[in-house]
Amino acid sequence: MFTYCTDPATLEGFQWLSCYLTTGKHMSIYYAVGTVLLLLAITAPCALAFGFAGASAARSAVPPLRWIGKTYIAVVRGIPDIAFFLFFVIALDQAFEYIRHRIKCPDWSEAVWQGNDFVVCTAAKLPLGNAPQWVHETYGFLLAVLTFAIVFGAFAANVLFGAMRAVPRGQLETAEAYGMTRRQTFWRVLVPQMWVYALPGLSNLWMVLIKATPLLFLLGVEDIVYWARELGGAKQPRFTDYPHPDWRMWYFLALLVFYLCFTKVSEVVLDRVMARLTHGQATAAGEAQRKAAA
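Residues numbered from 1 in each chain as written. Predicted model: local features only at pLDDT ≥ 70, side-chain atom pairs only at ≥ 80, totals over all residues. Heavy atoms only, no water.

(A) Seen up close, the overall build of the protein chain. Helix and strand counts for the protein chain stand at 10 helices and 2 strands. Mapped in sequence order, the helices and strands of the protein chain form the string α-α-α-α-β-β-α-α-α-α-α-α. Against the globule reference of 19 Å for 294 residues, the protein chain gives a C-alpha radius of gyration of 25 Å, more extended than a compact globule. Each principal axis of the C-alpha distribution contributes one length, and for the protein chain these read about 80 × 70 × 30 Å. When burial is assessed residue by residue, the protein chain has 36% of its 294 residues classed as buried. Long-range contacts, defined as pairs at least 24 residues apart, comprise 65% of the intrachain contacts of the protein chain with a sequence gap of at least 6. (Helix = DSSP H or I, 4+ residues; strand = E, 2+ residues; numbered from the N terminus. Rg over C-alpha atoms; globule rule 2.2 N^0.38 Å. Buried < 20%, exposed > 50% of the residue type's maximum accessible area, 1.4 Å probe, protein only. Contact = heavy atoms within 4.5 Å.)

This is the structure:
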């Protein structure tokens, strides 16, 4: 903090604002931006992995795998996101604790479900009650990441499934005619070519994922929406050195600008990736590139 911030009551104008925006509590909202970016950096590849597994299972020749893949896609896509987010956090937490309970407390004689209460031994709690605060926060964040990955993985699976079906059948038949196995055809022909068909849908999904990050607030993670509401609320001189009226509108306006800029940068990057993928491809975008070059 600046040296002249030692006595906020004597400050005015820009000095007051600069001191106000660099208080310890305001640093939390800046850290929360990092939390959102970290969530996206981890969730995107995880969701893509779930999606790829789901799409591969949905087109499998083995009926049980095909049923699992199609059920995963249909169930998650058919339930509101908020309901799934709130359900998975509770369900995953209890599932992890139940597994630990069975391992760490094999002599436990009482029922785990006692009416509406879920009761496990102290050693099975996640995280432990005496664990540092950062452990509790990290555990909650990882649960949120896993929940986001499962939910958005189903949408990615639907996109990838359609992209796999969009690859011309002739390409696969030619690979089989050259003696490639089903596995070789999948990895060497189908997977490399499907991305050009999948990227438009995945681009939209990335935008939706960015806009869904405020749901962290519902999952108990102190993200930028939480801190915008907390810091923007009216503050009385009795409780702070920087009293101000209700500024939530300005804080949420700053969030709107942040998300708008983030999605715009993402759009530019994705357009460049799409142009690179379609170069030389027998698609509408590829044909447009060839005509533009001519």
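(B) Quick look at the pattern of salt bridges. Using the criterion set out here, one finds 4 salt bridges in the structure. With its nearest N and O atoms 3.4 Å apart, the salt bridge here joins Glu230 to Lys25. With Glu230 in helix H8 (residues 224–232) and Lys25 in helix H2 (residues 24–58), this residue pair connects regions lying 205 residues apart in the sequence. Its relative accessible area of 29% is what places Glu230 among the partly exposed residues. Notably, a salt bridge pairs Arg169 with Glu176, separated by 3.8 Å at the nearest N-O pair. (Salt bridge = Lys/Arg side-chain N within 4 Å of Asp/Glu carboxyl O.)

(C) Geometry of the packing of H2 against helix H9 (residues 248–278). Two elements in contact, H2 and H9, have axes separated by 14 Å at closest approach and are oriented at 30 degrees. Looking at the two axes, H2 sits roughly parallel to H9. In this structure, H2 crosses over H9, and the sense of that crossing is right-handed. Along its contact with H2, which presents His26, Ile29, Val33, Val36, Leu37 and Leu40, the element H9 presents Tyr251, Phe258, Tyr259 and Phe262. Among the residues forming the contact of H2 with H9, the class breakdown is 9 nonpolar, 1 polar and no charged. (Axes fitted to C-alpha atoms, helices over the stretch in contact; angles between N-to-C directions. Parallel < 35°, antiparallel > 145°, perpendicular 65-115°, else oblique. Left-handed = near helix turned anticlockwise from the far one by under 90°. Nonpolar A, V, L, I, M, F, W, Y, C, P; charged D, E, K, R; others polar.)

(D) Structural detail: the environment of Val62. Within the secondary structure, Val62 is located in the loop between H2 and helix H3 (63–77). Taking the C-alpha atoms as reference points, Val62 and Ser203, separated by 141 residues in sequence, lie 30 Å from one another.

(E) Representation of H9. Its 31 residues give H9 an end-to-end C-alpha distance of 44 Å, which sits within 8% of 45 Å, the value for a rise of 1.5 Å per residue. Of all the positions in H9, only Tyr251, Leu255, Tyr259, Phe262, Thr263, Ser266, Leu270 and Thr278 are classed as buried. (Expected span 1.5 Å × (residues − 1).)

Everything listed is a geometric property; what it means functionally is a separate question.
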